[in-house]
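A structural walkthrough
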Amino acid sequence: MKIKRFYAHCDAIEGTPGVFYCSFCNELVKEKHFGEEHPNKNHVHKFNATLAEWKQKEARGTTRVRPDDAPNRLMK
Ligand SMILES: [Zn+2]
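Residues numbered from 1 in each chain as written. Predicted model: local features only at pLDDT ≥ 70, side-chain atom pairs only at ≥ 80, totals over all residues.

A short note on the overall build of the chain
Looking only at helices and strands, the chain has two helices and four strands in total. Taken over C-alpha atoms, the radius of gyration comes to 12 Å for the chain, in line with the 11 Å a tight globule of 76 residues would show. Its C-alpha atoms give the chain principal-axis dimensions of roughly 35 × 25 × 20 Å. Counting across all 76 residues of the chain, residues that qualify as buried make up 14%. Partitioning the intrachain contacts of the chain with sequence separation of at least 6 by distance along the chain shows that 57% fall at a separation of at least 24. (Helix = DSSP H or I, 4+ residues; strand = E, 2+ residues; numbered from the N terminus. Rg over C-alpha atoms; globule rule 2.2 N^0.38 Å. Buried ≥ 20, exposed ≤ 12 C-beta atoms within 10 Å, placed from the backbone. Contact = placed C-beta atoms within 7 Å.)

Let's talk about the pairing of strand S3 (residues 27-30)
With four bridges joining them, strand S2 (residues 19-22) and S3 adopt antiparallel strand pairing. Paired with Phe-20 across the strands is Val-29, a residue of S3. As consecutive antiparallel partners, S2 and S3 are separated by four residues, and within that stretch Asn-26 has a phi angle of approximately 55 degrees, a positive value. (Pairing = 2+ DSSP bridges.)

Description of unusual backbone geometry
Here the phi dihedral of Cys-10 falls at roughly 75 degrees; this positive angle occurs in a residue that is not glycine. Tracing the sequence through the fold places Cys-10 in the loop between strand S1 (4-5) and S2. Overall, Cys-10 belongs to the buried group, with 22 C-beta atoms counted inside 10 Å. Backbone geometry places Asn-26, a non-glycine residue, at a positive phi of 55 degrees. In this fold, Asn-26 is placed in the loop between S2 and S3.

Some thoughts on helix H2 (residues 43-60)
For H2, which comprises 18 residues, the first-to-last C-alpha distance of 26 Å matches the rise-based estimate of 26 Å (1.5 Å per residue) to within 8%. Looking at the residues trailing H2, positive phi occurs at Gly-61, about 105 degrees. (Expected span 1.5 Å × (residues − 1).)

Considering the environment of Leu-51
As for its placement among the helices and strands, Leu-51 is situated in helix H2. By the C-beta count within 10 Å, which is 17 here, Leu-51 ends up partly exposed.

Details of the nonpolar core
Membership of the largest hydrophobic core is limited to seven residues, which are Phe-6, Tyr-7, Ala-8, Cys-10, Phe-20, Tyr-21 and Cys-22. With sequence-adjacent residues up to four places away left out, Cys-22 is seen in contact with His-9, Glu-27, Val-29 and His-33. (Core = buried A, V, L, I, M, F, W, Y, C linked by C-beta atoms within 7 Å.)

Considering the environment of Asp-68
With respect to the element layout, Asp-68 can be found in the segment after strand S4 (64-65). Distance from Asp-68 to Ala-12, taken between C-alpha atoms, is 13 Å for residues 56 residues apart in sequence.

What follows is the structure, given as structure tokens:
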């Protein structure tokens, strides 16, 4: 079974500098996307929500993995 990387909201995409995952849109986006499309959203809250969701899936057995030190634009 192939291991796939799980991306939480605002995680940086590995191997693609300047590109992040937007969980609101379920798309890979540039930094400016967050300010232009979601200026009034709580991104930390969304990040924590996507992470909690993934941890529940992980407990039930998901093939997706996320490193503890995964780079994220919120963690600067
Ligand atoms: Zn978005």
